[in-house]
Amino acid sequence: MNIVITGAANGIGEALVQEIIKSEQAAHTICLVDIDESKAQAVKKEAEALTGASKFTLHVFQADLADIDGLPQVIKNIEATAGPVDLLINNVGIMLVQKIATMSWERAESQLNLNYMSPLRLINLTLPSMIERGIGENSSGSGLGPGFINVASMAGLTPIPGCGYCQWDTFPFFELLNPPRVATKMPLRFSDCSSSLS
């Protein structure tokens, strides 16, 4: 199974890489996607030293996921190296703490693209292939399965001074926690995580 983790160079993303290696019995390919290639390479190196890591293949992809027009190429690069995406963990995100009235539109747009548009576009780019391959139809129900996991900040639900754009870019994912039924056997999994990791 090809697992793609965005924002994998630190925090929750780094912890997810380590947890998958520690807890999964089956062999997987894990693609670490981050804007900071050197930090992602360090996470990869640490992960490869963990017990049980020998059955995993890890790849690092440097990408600015706020560049929405560049996302098709990111997915092409991943697929060319590791094959089609089976599980997409949309973890990337930033929290720019500044009042809406004083934040430049360029900074706000970058945050909205990274936190909201990027996960949606990545789902848009990977879901057709998953459906075509019948991903999810024969899922065993144990361990990680194919589909999507979206990590979102509690800032989407809890008002925090200076985080107006955070509410706008994460709240929709909480609305998706109870998605409407769709005519597919594809399991759509939505998760929220909050963490004090720094």
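Scroll up a little and you will see the structure.
I will try to describe carefully the structure that is included in this document. For every chain, the first residue of its written sequence is number 1, and the numbers climb from 1 along that sequence. Under the rules for a predicted model, residues below a pLDDT of 70 receive no local features and side-chain atom pairs below 80 are neither given nor counted, while totals for whole chains, interfaces and linings still include all residues. Calculated side-chain values reflect all of the structure's heavy atoms, with hydrogen atoms and water omitted.

Bringing the pattern of salt bridges into the picture now. Basic side-chain nitrogens of Lys or Arg form a salt bridge, by our definition, when they fall within 4 Å of a carboxyl oxygen of Asp or Glu. Per the counting criterion, the structure on display carries two salt bridges. For lysine 44, the salt bridge is made with glutamate 48, and the minimal N-O distance between the two is 3.2 Å. Remark: glutamate 48 and lysine 44 occur in helix α2 (residues 37-48); sequence separation between them is four residues, near one turn of the helix. The salt bridge partner of arginine 133 is aspartate 86, with a shortest N-O separation of 2.7 Å. You can see arginine 133 sitting in the loop between α4 (105-132) and β5 (147-150) and its partner aspartate 86 sitting in the loop between α3 (71-82) and β4 (87-90), a full 47 residues away along the chain. Burial classification: accessible surface area is computed with a 1.4 Å probe over protein chains only, and a residue below 20% of its type maximum counts as buried, one above 50% as exposed, and the rest as partly exposed. Arginine 133 sits in the partly exposed class, given a relative accessible area of 34%. Under the DSSP-based scheme used, a helix requires at least four consecutive residues in state H or I and a strand at least two consecutive residues in state E, with every element numbered from the N terminus.

Here threonine 126 is to be found in helix α4. With near-sequence residues (within four places) excluded, threonine 126 lies in contact with Ile75, Val85, Leu88 and Phe148. Any two residues whose heavy atoms approach within 4.5 Å are treated as being in contact.

It is worth spelling out the nonpolar core at this point. Throughout this description, the term nonpolar core refers to a set of buried Ala, Val, Leu, Ile, Met, Phe, Trp, Tyr and Cys residues connected via side-chain atoms within 4.5 Å. Ranked by size, the top nonpolar core spans 21 residues in total, and within it Val4, Val33, Leu65, Val74, Ile78, Val85 and Leu88 carry the most contacts. For this core, the secondary-structure elements that each account for two or more residues are β2 (29-34), α3 and α4. Not counting chain neighbours up to four residues away, the residues in contact with valine 85 comprise Asn2, Val4, Ile78, Thr126, Met130 and Arg133. Ile3, Ile20, Ile21 and Phe56 belong to the second largest nonpolar core, which has 20 residues in total.

On to α4. Take the residue count of a helix, subtract one, and multiply by 1.5 Å to get its expected span. Over its 28 residues, α4 extends 39 Å from the first C-alpha to the last, a length consistent with the 40 Å expected when each residue adds 1.5 Å. Axes are fitted to the seven residues ending at a residue and to the seven starting at it; the angle between these axes is taken as the bend at that residue. Taking the largest bend as the criterion, α4 deviates by roughly 45°, centred on methionine 117, and proline proline 119 comes between one and four positions later. Considered for burial, the residues of α4 that qualify are Ala108, Gln111, Leu112, Asn113, Leu114, Asn115, Ser118, Pro119, Leu122, Ile123, Thr126 and Met130. Phi turns positive one or two residues past the end of α4, at glycine 134, with a value near 70°.

In this section: the pairing of strand β1 (residues 2-6). Taken across its five residues, β1 has five buried, putting it largely inside the fold. Burial along β1 is two-sided: Asn2, Val4 and Thr6 facing one way and Ile3 and Ile5 facing the other are all buried. Two strands pair if DSSP finds at least two bridges between them. Here five bridges tie β1 to β2, and the two strands are oriented parallel to one another. Looking at β2, one finds that threonine 6 is bridged to valine 33. With the strands pointing away from the viewer, any crossover whose connection runs clockwise from the first strand over the helix to the second is right-handed. Note that the unit made of β1, helix α1 (residues 11-23) and β2 has a crossover that is right-handed. Where β1 lies against β4, three bridges are found, and the strand directions are parallel. Pairing of valine 4 across the sheet is with leucine 88, part of β4.

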